Amino acid sequence: MPLPRSSKLLTAVCLAGWALAAWAAPWVPHVDDSFQIQLTGKINTGYDVEVYDIDLFDTPDAVMNTLHGRGVHVVCYFSAGTAEDWRPDYAQFKPADLGGNLDGWPGERWVDTRSANVRAIMKARFDRAAARGCDGVDTDNVDEYTYTDSGFPLTASTQLNYNRFLAKEAHARGLKIGLKNDVGQLSALVASFDFAVNESCHVYKECGGYSLFTGADKPVFNIEYKKKWVDDPDARARMCAQARAANLRTLVMPHLLNDDFRLSCDE
């Protein structure tokens, strides 16, 4: 028998209230959280996942509101290790803060992560993330010490110091923070970070180290770009079986992360 109009209204109100409560409650990441990441193009909000990773600066408020209205946790992406000349705060970087060009990414340069000015800019970005209602942050390019063309004498020690600084500042604002790549320092940083975001660990045979995160019930959001896994379903199925066995949440996606296609190992 169909529900009376009043019952339908009550159900709708309860569902809306549940979604609002889910958004308002602090996000506690879990290893089985599903995710979507889209950093360019018009955001497709239609995926049924727990977490969306989207750009801190470019994402419209309407998209944030739509996702939060469904109880989705929003992770806001920004680069913490480079300066991008199209960002609104680019002029705040001093000449001494800017290093070598990032290979393959026009308009993007490494920054000196030891600089107090760079760290002040990053604090302001965390402030922006908190003000926008982001639940967490995805801070990119935090393995700069492994690149010889950065233009700075960075070391494993300076990178650990910077990454812990990022985690401390995120947590001070009630934000969760993901460790982006930096696979050589997983054991030193797992206690400071709430989840991990990895690119291409299956290609570079680096996925095993993420057991430190998954074993602590911290999700690992893994993105793979290899063309073979787009074109060859059997090869993709084998890779996905390994991903599921390692408890990684793996997506095969285009390099531009623009939603041209999305192949999930969990669907």
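In this report, the structure presented in the accompanying data block is examined. Note that the structure is predicted; figures quoted are calculated from it, not measured.

1. What to know about the overall build of the protein
When helices and strands are counted, the protein shows eight helices and 12 strands. Its C-alpha radius of gyration of 19 Å places the protein within 12% of the 18 Å reference for a compact globule of 267 residues. Residue burial in the protein is summarised as follows: out of 267 residues, 52% are buried. A fraction of 60% describes how many contacts in the protein between residues 6 or more apart in sequence connect residues 24 or more apart. Accessible area of the protein: about 12,700 Å², with a carbon and sulfur share of 56%.

2. Concerning the sheet that holds strand β6 (residues 108-111)
One open sheet accounts for three strands, arranged β4-β6-β5; its pairing is antiparallel. The sheet is open, and its two borders are formed by β4 (82-84) and β5 (98-101), each paired with just one other strand. Each neighbouring strand pair of the sheet contributes to a mean axis angle of 40°, computed without reference to strand direction. Where β4 and β6 come together, three bridges link them in antiparallel fashion.

3. Thoughts on the sheet that holds strand β11 (residues 249-252)
On the basis of which strands lie adjacent, the open sheet formed by nine strands has the order β1-β2-β3-β7-β8-β9-β10-β11-β12 and mixed pairing. Two strands close off the open sheet at either side, each with one partner strand: β1 (35-38) and β12 (263-264). Two elements, strand β3 (residues 73-79) and strand β7 (residues 136-140), share five bridges in a ladder whose sense is parallel. When the bridges of β7 are listed, C76 appears paired with V137. In this fold helix α8 (residues 233-245) packs onto β10 (220-224), β11 and β12, with an angle of close to 160° to the strand it touches most, β11.

4. Here's the deal with the state of the cysteines
Tallying each qualifying case throughout the model produces three disulfides. The disulfide partner of C201 is C207, and the S-S distance across this bridge is 2.0 Å. Since a negative S-S torsion denotes a left-handed disulfide, the C201-C207 link at about 90° is right-handed. Judged by relative accessible area, C201 falls into the buried class, the value being 0%. Disulfides within the protein link the bonded cysteines, taken in sequence order, as 1-2, 3-4, 5-6.

Cut-offs applied
- Residues numbered from 1 in each chain as written.
- Predicted model: local features only at pLDDT ≥ 70, side-chain atom pairs only at ≥ 80, totals over all residues.
- Heavy atoms only, no water.
- Helix = DSSP H or I, 4+ residues; strand = E, 2+ residues; numbered from the N terminus.
- Rg over C-alpha atoms; globule rule 2.2 N^0.38 Å.
- Buried < 20%, exposed > 50% of the residue type's maximum accessible area, 1.4 Å probe, protein only.
- Contact = heavy atoms within 4.5 Å.
- Areas by Shrake-Rupley, 256 points an atom, 1.4 Å probe, with all protein chains shown as cover.
- Pairing = 2+ DSSP bridges.
- Axes fitted to C-alpha atoms, helices over the stretch in contact; angles between N-to-C directions.
- Disulfide = S-S within 2.5 Å.

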